[in-house]
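Here's the letter readout for the chains.
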Amino acid sequence: MARKKKKRQHSRTVELKRQMEQEKLAEERDRAKKRMNPVARTLLLIDLVFLAVVSLLDINEMISDVISGACTLIGVAMLLIALWLQFGPKRRGSGGPKL
């Protein structure tokens, strides 16, 4: 009498693969949320370079104190704009509140 072979059940492995894919997608979404806004990052980098140049020019007395102060205020304004872009209200796909 011939023995019948049992068919392998793949449901457990398929279920584990599906769960791993879902965990991977959730991890990617979390990583995307934690990323810094590229516009804010670029603005902060430009602000850093701008303030460093102004500081060097001020130390070497190549610009007046009034111009140095004005440039510092511009730098602070750029910093505040970058922070608002990074942490301010997030835009959603709907565009705004519905009434």
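Owing to the predicted nature of the structure, the values given are computational and were not obtained by experimental measurement.

1. What to know about the overall build of the protein chain
Right, so step 1: Looking only at helices and strands, the protein chain features 3 helices and 0 strands.
Right, so step 2: Secondary structure elements in the protein chain, listed N-terminal to C-terminal, are α-α-α.
Right, so step 3: Looking at the protein chain as a whole, 10% of its 99 residues qualify as buried.
Right, so step 4: Excluding contacts between residues fewer than 6 apart, the proportion of contacts in the protein chain whose partners are at least 24 apart in sequence is 68%.
Right, so step 5: Split by element, the accessible area of the protein chain, about 9600 Å² in all, is 62% carbon and sulfur.

2. Remarks on unusual backbone geometry
Right, so step 1: In this structure, glutamate 61 takes a positive phi of about 55° despite not being glycine.
Right, so step 2: By the secondary structure assignment, glutamate 61 is in the loop between α2 (38-59) and α3 (65-87).

3. A few points about a nonpolar patch on the surface
Right, so step 1: On the surface, a cluster of nonpolar side chains totalling about 470 Å² of accessible area is made up of Val76, Leu79, Leu80, Leu83 and Phe87.
Right, so step 2: The topology assignment puts phenylalanine 87 in helix α3.
Right, so step 3: Classification of phenylalanine 87 as exposed rests on a relative accessible area of 65%.

4. Regarding the side chain of glutamine 86
Right, so step 1: Its location among the elements puts glutamine 86 in helix α3.
Right, so step 2: Discounting residues that sit within four places of it in the chain, glutamine 86 has contacts with Arg35, Met36, Asn37 and Ala40.

5. Focus on α2
Right, so step 1: Helix length check: α2 (22 residues) gives 32 Å between terminal C-alpha atoms against 32 Å at 1.5 Å per residue, within 8%.
Right, so step 2: Those residues of α2 that sit buried are Ala40, Asp47 and Val54. Viewed end-on, α2 has its buried residues packed into an arc of 55°, placing them on one side of the element. Facing away from the buried surface of α2 by more than 90 degrees, the exposed residues are Leu45, Leu48, Leu56 and Ile59.
Right, so step 3: Taken together, the buried residues of α2 touch α3.
Right, so step 4: If you check the start of α2, you find a side-chain oxygen 3.1 Å away from the backbone N of valine 39, and it comes from asparagine 37.
Right, so step 5: Backbone geometry just downstream of α2 places glutamate 61 in the positive-phi region, at approximately 55°.

6. Here we look at the environment of alanine 82
Right, so step 1: Mapped onto the secondary structure, alanine 82 falls in helix α3.
Right, so step 2: Taking the relative accessible area as the measure of exposure, alanine 82 reaches 1% and is therefore buried.
Right, so step 3: Between the C-alpha atom of alanine 82 and that of alanine 40, which follows or precedes it by 42 residues, the distance is 4.6 Å.
Right, so step 4: For alanine 82, the contacting residues outside a window of four places in its chain are Ala40, Leu43 and Leu44.

So, how was this worked out
Residues numbered from 1 in each chain as written. Predicted model: local features only at pLDDT ≥ 70, side-chain atom pairs only at ≥ 80, totals over all residues. Heavy atoms only, no water. Helix = DSSP H or I, 4+ residues; strand = E, 2+ residues; numbered from the N terminus. Buried < 20%, exposed > 50% of the residue type's maximum accessible area, 1.4 Å probe, protein only. Contact = heavy atoms within 4.5 Å. Areas by Shrake-Rupley, 256 points an atom, 1.4 Å probe, with all protein chains shown as cover. Patch = residues over 30% accessible without salt bridge, like charges linked within 9 Å, V, L, I, M, F, W, Y side chains within 5 Å. Salt bridge = Lys/Arg side-chain N within 4 Å of Asp/Glu carboxyl O. Expected span 1.5 Å × (residues − 1). Arc of directions from axis to C-beta. Polar contact = N/O pair within 3.5 Å; in protein donor to acceptor, adjacent residues only side chain to side chain.

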